Amino acid sequence: MPERPAPPSRGTTIPARSTMVAEPVPLPLAGGSFATDANTIVDGIARWIDSAPLRGLVDRFGGPWPDGNLAAVLGGLDDFSGRYWDFRGGRERPEAREPDLDPVTTASVRAAADALGLVRAVPPARARYAHLLVLGGLAHACLRRVAYAAHLLRRGVRVAGEVAVLGSFRPLSEAERRTLAAAGVTGGDTEVDALDAAVRLAFGVSRPAEQDGLDAGHPHHSWSSRTYRPAGTPPVRVLAAPSSEPERRRAHTADTQRFWAGHARLASGDEVLLVTAPIYVPFQHCDALRTLALPYGCGIDTVGADPAVPDLARLPEPTLTPGRYLQEIRSAIRAMRALYAASTADA
């Protein structure tokens, strides 16, 4: 893409050129739909990508809408968002810088994020699922998401198979250790340790009923599985997977989802409830469609932990800023680009 004007900064008065809409834009195959044919997925991607909130946001940052078919538009938006909405630069999320935006642009970003599904927590679409997956993250996210999964089970969501809590061997930062200590959780060195502690806290268990794994001498090659059996709930498994590219990186969410699917014998027609944070719902939903729904024929319903739930209100939560919303809108664009490629690979 050619050079564009600099993003609107604080102190710069630029009238909004597009009106944001409050109507939520549905995600592809939202709510656990099983229609995994390419046309249905492509239509869902196109509806989200070509929505007024996203068009208005691109316009607000000085970019013309990319020309061409959906593949070209996705590529153009990936490039554009990399130029203007990537504040991480390859770093971890807590290390991302925050842009200095003017008040009108800040309001536009928040309105777009709301309409695109990154702000409000939406309850599960079904009362019964084959499996419930909790995605790991930073320490505060581990605590909040596991607590929300336990809340959903207490409120009557039924799970026929297991609750799987998916993490990695990523080392905890000192800030994360302080977050855990403030919540009364001590010990542990990695993300999967934080998830394990969160399970013991939320489900009232003390030790796993079964343990398995492989210590290969390096976290990128190792894996672990700890299964708890709380009274009155399905089994809860805490899982960390090996990396699919161990020479380059640690395991990411897709690695752990695929690893779990093989262990759980995920089957066509299974309904899977995925728990994350609202800001990550669009991109993690699309990633799960690509890694689970397409190869296994299952349905994916992705929800964000509701901050209004009393069990979550006492747990730490970071401030969500315009920069963070823009970063995760970019993540959603990239996830939809990958989902489009996977959906049309044999076309």
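Below or above, wherever it landed, is the structure these notes cover. Treat the numbers as computed from the prediction; the structure is a model and nothing was measured.

**Overview of the overall build of the chain**
Logical step 1: Across its full length, the chain holds 11 helices and 9 strands.
Logical step 2: Taking 2.2 N^0.38 as the reference for a compact globule, 347 residues should give roughly 20 Å; the C-alpha atoms of the chain span a radius of gyration of 20 Å, in line with that estimate.
Logical step 3: By principal-axis analysis of the C-alpha atoms, the chain measures approximately 60 × 45 × 45 Å.
Logical step 4: A burial count over the chain gives 51% of its 347 residues as buried.

**Considering the pattern of salt bridges**
Logical step 1: Applying the stated rule across the entire model yields 20 salt bridges.
Logical step 2: Across the pair Asp78 and Arg330 runs a salt bridge whose closest N-O atoms are separated by 3.0 Å. Note that Asp78 is positioned in helix α3 (residues 70-84) and Arg330 in helix α11 (residues 322-343), a separation of 252 residues in sequence.
Logical step 3: The class for Arg330 is buried, based on a relative accessible area of 10%.
Logical step 4: A salt bridge links Arg177 to Glu174; the nearest nitrogen and oxygen atoms lie 3.7 Å apart. With Arg177 and Glu174 both in helix α6 (residues 174-182) and 3 residues apart, the pair spans about one turn of that helix.
Logical step 5: Since its relative accessible area comes to 29%, Arg177 is described here as partly exposed.

**Remarks on the packing of helix α2 (residues 52-60) against helix α4 (residues 103-115)**
For any two helices packed against each other, one specifies the inter-axial angle together with the distance between the axes.
Logical step 1: Running from N to C, α2 and α4 cross one another at 155°; their axes reach a closest spacing of 9 Å. Taken together, the axes of α2 and α4 are roughly antiparallel relative to one another. In this structure, the crossing between α2 and α4 has a hand that is left-handed. When α2 is examined against α4, the residues Pro53, Leu57 and Arg60 are found in contact with a partner set consisting of Val104, Thr105, Ser108, Val109, Ala112 and Ala115.
Logical step 2: A breakdown of the residues in the contact of α2 with α4 according to their chemical character gives 6 nonpolar, 2 polar and 1 charged.

**Some thoughts on the packing of aromatic side chains**
Logical step 1: In total, this model carries 5 aromatic pairs according to the counting rule given.
Logical step 2: Of the aromatic side chains, those joined through ring pairs into one cluster are Phe61, Phe80, Tyr84 and Trp85.

**Some remarks on the sheet that holds strand β7 (residues 236-240)**
Logical step 1: In space, the 7 strands of this open sheet follow the order β5-β6-β7-β4-β2-β8-β9, with mixed pairing throughout. Looking along the sheet, the strands with just one partner apiece sit at the ends: β5 (210-214) and β9 (299-304). Taking the axes of each pair of neighbouring strands and ignoring which way they run, one obtains an average angle of 20° across the sheet.
Logical step 2: Both strand β6 (residues 223-228) and β7 contribute to a ladder of 5 bridges, which runs antiparallel. Among the inter-strand pairings, Ser224 is bridged to a residue of β7, identified as Ala240.
Logical step 3: Sheet strands in contact with helix α8 (residues 253-264) are β2 (131-135), β4 (163-167), β6, β7 and β8 (271-276), and its direction is about 130° off that of β7.
Logical step 4: Along the sheet, helix α9 (residues 281-296) makes contact with β2, β8 and β9, crossing β9 at roughly 160°.

**A short note on helix α7 (residues 191-203)**
Logical step 1: A rise of 1.5 Å per residue sets the reference length of α7, with its 13 residues, at 18 Å; its end C-alpha atoms lie 18 Å apart and thus fit the reference within 8%.
Logical step 2: With respect to burial, α7 is a largely interior element, 10 of its 13 residues being buried.
Logical step 3: Listing the buried residues of α7 in full gives Glu191, Val192, Asp193, Ala194, Leu195, Asp196, Ala197, Ala198, Val199 and Phe203.
Logical step 4: The inward-facing, buried residues of α7 abut α5 (139-154), β4, α6, β6 and β7.
Logical step 5: Residue Gly204 follows α7 closely and has a positive phi angle near 65°.

Basis of the calculations
- Residues numbered from 1 in each chain as written.
- Predicted model: local features only at pLDDT ≥ 70, side-chain atom pairs only at ≥ 80, totals over all residues.
- Heavy atoms only, no water.
- Helix = DSSP H or I, 4+ residues; strand = E, 2+ residues; numbered from the N terminus.
- Rg over C-alpha atoms; globule rule 2.2 N^0.38 Å.
- Buried < 20%, exposed > 50% of the residue type's maximum accessible area, 1.4 Å probe, protein only.
- Salt bridge = Lys/Arg side-chain N within 4 Å of Asp/Glu carboxyl O.
- Axes fitted to C-alpha atoms, helices over the stretch in contact; angles between N-to-C directions.
- Parallel < 35°, antiparallel > 145°, perpendicular 65-115°, else oblique.
- Left-handed = near helix turned anticlockwise from the far one by under 90°.
- Contact = heavy atoms within 4.5 Å.
- Nonpolar A, V, L, I, M, F, W, Y, C, P; charged D, E, K, R; others polar.
- Phe/Tyr/Trp six-rings, centres within 6.5 Å; stacked < 30°, edge-to-face > 60°.
- Pairing = 2+ DSSP bridges.
- Expected span 1.5 Å × (residues − 1).

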